[in-house]
Amino acid sequence: QKEVEQDPGPLSVPEGAIVSLNCTYSNSAFQYFMWYRQYSRKGPELLMYTYSSGNKEDGRFTAQVDKSSKYISLFIRDSQPSDSATYLCAMRTSGGSNYKLTFGKGTLLTVNP
Amino acid sequence: NAGVTQTPKFQVLKTGQSMTLQCAQDMNHNSMYWYRQDPGMGLRLIYYSASEGTTDKGEVPNGYNVSRLNKREFSLRLESAAPSQTSVYFCAGQNMNTEAFFGQGTRLTVV
């Protein structure tokens, strides 16, 4: 079992739809959880950053972390064609000087006008 | 601020050739990373440098070497390129309690 599992999709939705993206993980030591967005032929860019369990909202985006279930989600409300990208979940432990991230494989999202 | 800069952006190599991918950051990151990204495989860590003067292997280090030249620069070297090393390579920098910032990637093809 990989440390982080993410459904690769692809996911295709109409404009205005609510999108739900999810990751599960096996390492209970993970404390920091991130969602990155990657446009085609570009580097990943941070979208959401959460520490431990709970919800975080930023505009149309909401990140949820459920550490008891080892499950994280990203919700996109009122999705737009500009949201079309690959979404990668990432997470890391809090220990020492090693901040390295473990990534999911990414979910390719297409929002159709 | 340029952020994290990778050179070159594109490269074609013949099997057995060597090359060095360069990465420089102006964000004062302590930690720097090299990833490769392949279809269906996500981002896989090749090597990382937790701080200046240290380097460690990641998930897929075979066939690669790295040098943390100073705090700003972290290079990745392929001594004898193989077709299996055809990939998109990303460099990233990070500090504690911050996100990782990525470069724009180097697309490498080994023929």
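Computed from a predicted structure; not experimentally measured.

J.: Please provide a residue-by-residue account of the sheet that holds strand E1 (residues 4-6) of chain A, values included.
T.: Residue and element names in this part refer to chain A. Taken together, five strands build an open sheet; the order of strands is E1-E3-E8-E7-E6 and the sheet is antiparallel. Here the strands that pair on one side only, and so sit at the sheet edges, are E1 and strand E6 (54-58). Neighbour to neighbour, the strand axes of the sheet diverge by 15° on average, direction disregarded. The sheet contact formed by E6 and strand E7 (residues 61-66) spans five bridges and is antiparallel. Looking across to E7, one finds that Gly54 is bridged to Val65.

J.: I'd like a rundown of the nonpolar core, residues and numbers included.
T.: Core analysis: the biggest nonpolar cluster contains 24 residues, and A:Trp35, A:Ile72, A:Leu74, A:Tyr87 and A:Met91 have the highest contact counts within it. Elements with a contribution of two residues or more to this core: strand E3 (19-25), strand E4 (32-38), strand E5 (45-51), E7, strand E8 (71-76), strand E9 (85-92) and strand E11 (107-112) of chain A.

J.: Would you mind going over unusual backbone geometry in detail, with residue names and values included?
T.: In this structure, B:Pro8 follows B:Thr7 across a cis peptide bond, with omega equal to -5°. Its location among the elements puts B:Pro8 in the loop between strand E1 (4-7) and strand E2 (10-13). The backbone of A:Ser52 shows a phi angle near 60°, a positive value even though the residue is not glycine. The exposure class of A:Ser52 is partly exposed, given its relative accessible area of 21%. In this structure, B:Asn28 takes a positive phi of about 60° despite not being glycine. Relative to the helices and strands, B:Asn28 is located in the loop between strand E3 (19-25) and strand E4 (31-38). Exposure remark for B:Asn28: the relative accessible area of 51% places this residue in the exposed category.

J.: So what's going on with the interface of chain A and chain B? Which residues, and what values?
T.: Each side of the interface is counted separately: chain A has 20 residues, and chain B has 25 residues. Interface of chain A and chain B: buried area, both sides summed, is about 1,900 Å²; carbon and sulfur atoms make up 52% of it. Counting the surface chain A buries against chain B, the share from its top three residues, A:Arg41, A:Tyr99 and A:Phe103, is 29%. Our count for the chain A to chain B interface comes out at zero salt bridges. Remark: the boundary between chain A and chain B carries three residue pairs in polar contact (both at pLDDT 80 or more). The element best represented in the side of chain A that touches chain B is E4(A), accounting for three residues. Its residues assigned to classes, the side of chain A that touches chain B shows nine nonpolar, five polar and six charged.

J.: For the sheet that holds E1(B), give the residues involved together with the corresponding values.
T.: Residue and element names in this part refer to chain B. Spatial ordering of the open sheet is given by E1-E3-E8-E7, a layout of four strands whose pairing is antiparallel. The two strands at the open ends of the sheet, each matched to only one other strand, are E1 and strand E7 (64-68). Here the average twist between neighbouring strands, direction ignored, is 15°.

J.: How would you explain the state of the cysteines if you had to name every residue and give the values?
T.: The tally for this structure, following the rule as stated, stands at two disulfides over all chains. Paired through a disulfide, A:Cys23 and A:Cys89 show a sulfur-sulfur distance of 2.0 Å. For the disulfide bridge between A:Cys23 and A:Cys89, the dihedral angle about the S-S bond is near -100°, and by the sign convention the bridge is left-handed. Highlighted residues: A:Cys23 in strand E3 and A:Cys89 in strand E9, separated in sequence by 66 residues. A single burial state applies to A:Cys23 and to A:Cys89, both of which are buried. Disulfide partner of B:Cys23: B:Cys91, at an S-S distance of 1.9 Å. Linking B:Cys23 and B:Cys91, the disulfide has an S-S dihedral of approximately -75° and is accordingly described as left-handed. Of this pair, B:Cys23 sits in strand E3 while B:Cys91 sits in strand E9 (residues 87-94); the two residues are 68 residues apart in sequence, bridging distant segments of the chain.

Cut-offs used in this document
- Residues numbered from 1 in each chain as written.
- Chains lettered and ligands numbered in written order.
- Predicted model: local features only at pLDDT ≥ 70, side-chain atom pairs only at ≥ 80, totals over all residues.
- Heavy atoms only, no water.
- Pairing = 2+ DSSP bridges.
- Helix = DSSP H or I, 4+ residues; strand = E, 2+ residues; numbered from the N terminus.
- Axes fitted to C-alpha atoms, helices over the stretch in contact; angles between N-to-C directions.
- Core = buried A, V, L, I, M, F, W, Y, C linked by side-chain atoms within 4.5 Å.
- Buried < 20%, exposed > 50% of the residue type's maximum accessible area, 1.4 Å probe, protein only.
- Contact = heavy atoms within 4.5 Å.
- Buried area = accessible area lost by both parts, 1.4 Å probe.
- Salt bridge = Lys/Arg side-chain N within 4 Å of Asp/Glu carboxyl O.
- Polar contact = N/O pair within 3.5 Å; in protein donor to acceptor, adjacent residues only side chain to side chain.
- Nonpolar A, V, L, I, M, F, W, Y, C, P; charged D, E, K, R; others polar.
- Disulfide = S-S within 2.5 Å.

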